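# An overview of the molecular structure
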Amino acid sequence: MSDGGLKEGSYIYIPASSRIFLMQDDKVIDCKKTKQLSKPVYVVYLGENKTNNDFGKVFYEGKVWNVYKQNIYPRKENE
């Protein structure tokens with residue numbers, strides 16, 4: 001998914017089994033800093049990763065994580 005329709009601060013949906021990454025300077029820190037979601041989540045979208053546009057930034061469990069854009073879905077109005 002392209003983030004063209006998403007705005008920073010909007011809620012998005014990430015499906016279960018999606019992998020999210022902790023990054024430093026928009027690069028993966030190490031493989032232990034990844035997490036596979038066991039359930040779908042709604043999180044706040046923080047914008048596109050500036051150095052790797054395959055990723056979008058999200059706020060999850062008190063940290064900024066990166067997720068592949070293909071796993072980012074806009075929240076529907078009735079959710």
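Residues numbered from 1 in each chain as written. Predicted model: local features only at pLDDT ≥ 70, side-chain atom pairs only at ≥ 80, totals over all residues. Heavy atoms only, no water.

### Thoughts on the overall build of the chain
The condition is simple: A helix here means a DSSP run of H or I that spans at least four residues, while a strand means a run of E at least two residues long, and both kinds are numbered starting from the N terminus. For every residue, the accessible area (1.4 Å probe, protein chains only) is compared with the maximum for its type, and the residue is labelled buried under 20%, exposed over 50%, or partly exposed between those bounds. Between two residues, a contact is recorded if the distance between any of their heavy atoms is within 4.5 Å. Surface accessibility follows the Shrake-Rupley procedure with a 1.4 Å probe radius. Residue values consider only the protein chains on display as shielding.
What the chain contains, in helices and strands, is zero helices and nine strands. Listing each helix as α and each strand as β along the chain from the N terminus yields β-β-β-β-β-β-β-β-β. Buried residues in the chain amount to 34% of all 79 residues. Contacts in the chain between residues far apart in sequence, at least 24 positions, make up 53% of those at least 6 positions apart. For the chain, the accessible surface area stands at approximately 5200 Å², while carbon and sulfur atoms represent 48% of it.

### Description of the sheet that holds strand 7 (residues 55–60)
What counts, and what does not: In this scheme, strands are said to pair when DSSP sees at least two bridges between them.
Strands sit in the order 5-2-8-7-6-1-9 across an open sheet of seven strands; the sheet is antiparallel. Edge positions in the sheet fall to strand 5 (34–36) and strand 9 (73–74), since each of these pairs with one other strand and no more.

### Observations concerning unusual backbone geometry
In terms of backbone geometry, most residues other than glycine have negative phi values and most peptide bonds are trans. Unlike most non-glycine residues, S17 shows phi in positive territory, near 75°. Examined against the element boundaries, S17 turns out to sit in the loop between strand 1 (11–14) and strand 2 (19–21). A positive phi angle, near 50°, is found at E61, a position not held by glycine. In this structure, E61 sits in the loop between strand 7 and strand 8 (63–68).

### Remarks on the side chain of K69
Convention followed: Contacts described as polar in this section are N or O atom pairs within 3.5 Å, which, within protein, must combine one atom able to donate a hydrogen with one able to accept it, while residues neighboring in sequence count only if both atoms come from side chains.
With respect to the helices and strands, the residue K69 is situated in the loop between strand 8 and strand 9. On the accessibility criterion, K69 (10% relative accessible area) is buried. In terms of polar contacts, K69 uses its side chain to reach the side chain of E48, at 2.4 Å.

### Let's talk about the confidence of the model for the chain
Using the following cut-off: The quantity known as pLDDT measures the predictor's confidence residue by residue, on a range of 0 to 100.
In the predicted model, the chain carries a mean pLDDT of 84, and the fraction of residues at 70 or more is 78%. Mean pLDDT in the chain bottoms out at strand 4 (residues 27–28), which sits at 58, and peaks at strand 1, which reaches 96.

### Focus: the packing of aromatic side chains
Convention followed: Each pair of aromatic rings taken from Phe, Tyr and Trp, with Trp reduced to its six-membered ring, is defined by centres within 6.5 Å and is described as stacked if the planes are under 30 degrees apart, edge-to-face if over 60, and tilted in the remaining cases.
Under the criterion given, the structure shown has six aromatic pairs. Measuring from ring centre to ring centre gives 6.3 Å for Y13 and Y73, while their planes differ by 55°; the resulting arrangement is tilted. Linking Y13 in strand 1 with Y73 in strand 9, this pair joins segments that are 60 residues apart in sequence. An angle of 25° between the planes, with centres 4.5 Å apart, marks the rings of F55 and Y68 as stacked. Taken together, the residues span a long stretch of sequence, with F55 in strand 7 and Y68 in strand 8 at a distance of 13 residues.

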